[in-house]
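A look at the structure
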Amino acid sequence: MSTRFNFNRRAFLGIAAASLAMPAFAQDAPTGNTGPQHNISSFRMQDWRPHFDNLTNGAILCDLTSRAVHYWSEDGTTYHVYPSSIPVSAELTRKGRTEIIKKVDGPTWSPTPSMKASNPEWPDFVPAGPDNPLGTHALWLSWQYYRIHGTHDTRKIGRKSSNGCIGLYNEHIAQLFGLAKVGTQVLVM
C-alpha cells in the first residue's frame, strides 16, 4: 500500500506556522566572569564606566554602531539593552552628551521645518495614536527636534531609518519611559 503526499505551498506554510508556534527554549547564561557577554540578539553588553563619570539620574547610551540603546539605573542595579533605529545619514546624526528634558506619554508629531521642506506632502500635525511616528512614548532630549521614541513601524528597528531620532519598539520605549526621568544623562555615540 502506497501513501501519496500532496506537498504544496499551503501544506508547507502550515507546517512552518506550526513549528513557529512551538515554545522557545531559554538560553543559560554563563556563570562567572567570562568576558564580554552578548544577548541573543548579539548586542554587546556595555559597562557604564567608560562612558559616564557617574550614574546620577541614571544613564542612557545610544550606540549608533550596534544600533542599541543601553540604560543603567541611578543605583546601578538595573540594566537594559534595546534594539533601535538610527538616523539615515551622517548629516542627520547628532553625537555627544545631552539629557532628557521632558517625557511625553502619547506624543503628537509635527515635522521639522527641514523635513517639511523635503516632504511637502507630509501632514503638518499627527495626533497621538496608532499612526503617530513617535509611537506611544517619547523622551525629549535637550537638542532641538531630537527624541528617543517609539515607532508604529517596527520594520525601522535595527536600520538607518530616522530623520535624526532614536527609535525603539513601543513596548521598549514604554519600559524605558517608566525607568528614565527628567535629568537622565544621555550619550549618543
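What counts and how
- Residues numbered from 1 in each chain as written.
- Predicted model: local features only at pLDDT ≥ 70, side-chain atom pairs only at ≥ 80, totals over all residues.
- Heavy atoms only, no water.
- Pairing = 2+ DSSP bridges.
- Helix = DSSP H or I, 4+ residues; strand = E, 2+ residues; numbered from the N terminus.
- Axes fitted to C-alpha atoms, helices over the stretch in contact; angles between N-to-C directions.
- Contact = heavy atoms within 4.5 Å.
- Salt bridge = Lys/Arg side-chain N within 4 Å of Asp/Glu carboxyl O.
- Buried < 20%, exposed > 50% of the residue type's maximum accessible area, 1.4 Å probe, protein only.

**Description of the sheet that holds strand S5 (residues 96-105)**
- The strand order across the open sheet formed by 8 strands is S3-S2-S1-S10-S5-S6-S7-S9, and the pairing between neighbours is mixed. Each edge of the open sheet is held by one strand with a lone partner, namely strand S3 (79-83) and strand S9 (166-169). Across the sheet, the mean angle from the axis of one strand to that of its neighbour is 25°, orientation sign disregarded.
- Of the strand pairs in this sheet, S5 and strand S10 (residues 185-188) are connected by 4 bridges, and their pairing is antiparallel. By the bridge assignment, Glu99 is partnered in S10 with Gln185.
- Of the strands in this sheet, strand S1 (59-63), strand S2 (68-72), S3, S5, strand S6 (137-141), strand S7 (147-151) and S9 touch helix H3 (residues 170-179), which is tilted by about 105° from S9.

**Looking at the pattern of salt bridges**
- Here the structure, examined in full by the defined rule, presents 4 salt bridges.
- Lys181 is the salt-bridge partner of Glu74, the closest N and O atoms lying 3.0 Å from each other. With Glu74 in the loop between S2 and S3 and Lys181 in the loop between H3 and S10, this residue pair connects regions lying 107 residues apart in the sequence.
- When its relative accessible area of 41% is taken as the criterion, Glu74 is described as partly exposed.
- The exposure class assigned to Lys181 is partly exposed, which follows from its relative accessible area of 35%.

By themselves these figures say nothing about function.
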